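Residue-level structural notes
In case you want the letters, here they are:
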Amino acid sequence: MIEIKDLWYAYTEKDQALRGIDLTIHNEEWLAILGHNGSGKSTLSKLLVGLLEPTKGSIYYDGIELNEKSIGEIRKKVGIVFQNPDNQFVGVNVKYDVAFGLENRNIERTQMHELVTKWTKEVGMYDYLEREPNTLSGGQKQRVAIAGILALNQEVIILDEATSMLDPDGVKDITNLIVSLKNNYHKTIITITHDLDLAKLADRVIVLKDGQIIGDGLPEDIFKQRELLQSSNLDMPFKMRIYHEAMSDPILRQNKKLEEILWQYHLEK
Ligand SMILES: Nc1ncnc2c1ncn2[C@@H]1O[C@H](COP(=O)(O)OP(=O)(O)OP(=O)(O)O)[C@@H](O)[C@H]1O
Ligand SMILES: [Mg+2]
């Protein structure tokens, strides 16, 4: 369990990037964090992995406060795929990049080889093992970064806009992978995304605005609140917009059957 208590963060004296976040994330929960540009999502993720130190407040992993002393142990539990995959690529090629974290953990060679094979296959990058980063697209680098984190088998995985550079097929692949991580590997997953179609598959959604949580609930409850989505400047997928357009009409709104049909239609892939 991760407990975030009254968390504040300021990059500069006058700008508060996070303003009093209180949040508990349960084990094996898939939490989607939504919010417009600059709302504080990446800042929160960096605080969660100890890359930034809170201005005020604390984060606890299973009751242990994240601080200089505990960070080594906590980093074994939590992995992050950053928003920009270029900042994450450290190997000379795909194979070494995925192996890098394993090497740091002194994983034995045969097992390392097996893990690199398994996870590059899972993300569709097995055919690119020898490729150097400058020959890969942004989306391919994102996939490699995801493989590198998944190979480490941490309990908590944070994905910051991890599908932002992928084409629609790539988004589908990685979405399926996330669902499988949750169902088959019992991970706690935090996805930071602009993509409401991805967020609607999560167990729970929070909406950030100006460094504060303005919505927290089941995807269904959040996505039925049109004002909430609009006030946070989130782009609604086409089918969700149809639902909200119809429901903003006082006559159509009375038709419960229509509401149900449009809502179900929006849930279809
Ligand atoms: N290194 C930095 N120095 C100063 N201000 C920063 C820095 N990084 C972020 N900020 C500011 O902090 C606020 C939160 O930024 P953050 O990157 O957490 O937002 P975000 O929700 O991840 O946005 P995006 O959707 O664009 O990725 C913004 O106002 C941003 O301008
Ligand atoms: Mg960000």
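Residues numbered from 1 in each chain as written. Chains lettered and ligands numbered in written order. Predicted model: local features only at pLDDT ≥ 70, side-chain atom pairs only at ≥ 80, totals over all residues.

1. Thoughts on the overall build of the chain
Heads up, the rule is: By the criteria applied, helices consist of DSSP H or I runs no shorter than four residues and strands consist of E runs no shorter than two, each listed in order from the N terminus. For the exposure call, what matters is how many other C-beta atoms sit within 10 Å of a residue's own: 20 or more marks it buried, 12 or fewer exposed, and in between partly exposed, using C-beta atoms placed from the backbone.
Broken down by element type, the chain carries 12 helices and 10 strands. For the chain, the spread of C-alpha atoms along the principal axes amounts to about 65 × 45 × 30 Å. Residue burial in the chain is summarised as follows: out of 269 residues, 35% are buried.

2. Regarding the site of ligand 1
The following threshold applies: We call a residue near a molecule or strand if the C-beta atom, set from the backbone, is within 6 Å of it. Residues are grouped as follows: nonpolar covers Ala, Val, Leu, Ile, Met, Phe, Trp, Tyr, Cys and Pro; charged covers Asp, Glu, Lys and Arg; every other residue, Gly included, is treated as polar.
For ligand 1, the set of nearby residues contains 13 residues, the closest of which are Y11, A17, K41, S42 and T43. Element by element, the count of residues in the shell around ligand 1 is highest for helix α1 (residues 41–48), at three residues. Looking at side-chain class alone, the shell around ligand 1 contains two nonpolar, nine polar and two charged residues.

3. Structural notes on α1
Where burial is concerned, most of α1 is hidden: seven out of the eight residues are buried. Along α1, the residues classified as buried are K41, S42, T43, L44, S45, L47 and L48. G50 lies just past α1 and shows a positive phi near 75°.

4. Overview of the domain arrangement of the chain
The following threshold applies: Domain ranges listed in this record stem from an automatic or a database domain assignment. By the convention adopted here, residues make contact when the C-beta atoms placed from their backbones lie within 7 Å.
According to the domain assignment, the chain consists of domain 1 (1–77 + 154–225), domain 2 (91–151) and domain 3 (236–269). Computed over C-alpha atoms, the centres of domain 1 and domain 2 are 24 Å apart. At the interface, nine residues of domain 1 touch eight residues of domain 2. For the side of domain 1 that touches domain 2, the element with the highest residue contribution is helix α6 (residues 168–185), accounting for four residues.

5. Topic: the pairing of strand β1 (residues 2–10)
Rules: What makes two strands pair is DSSP finding at least two bridges between them.
Where β1 meets strand β2 (residues 16–25), seven bridges bridge the pair, whose relative direction is antiparallel. In the strand pairing of β2, A10 is matched with Q16. The turn joining β1 and β2, which pair antiparallel and follow one another in sequence, is formed by five residues.

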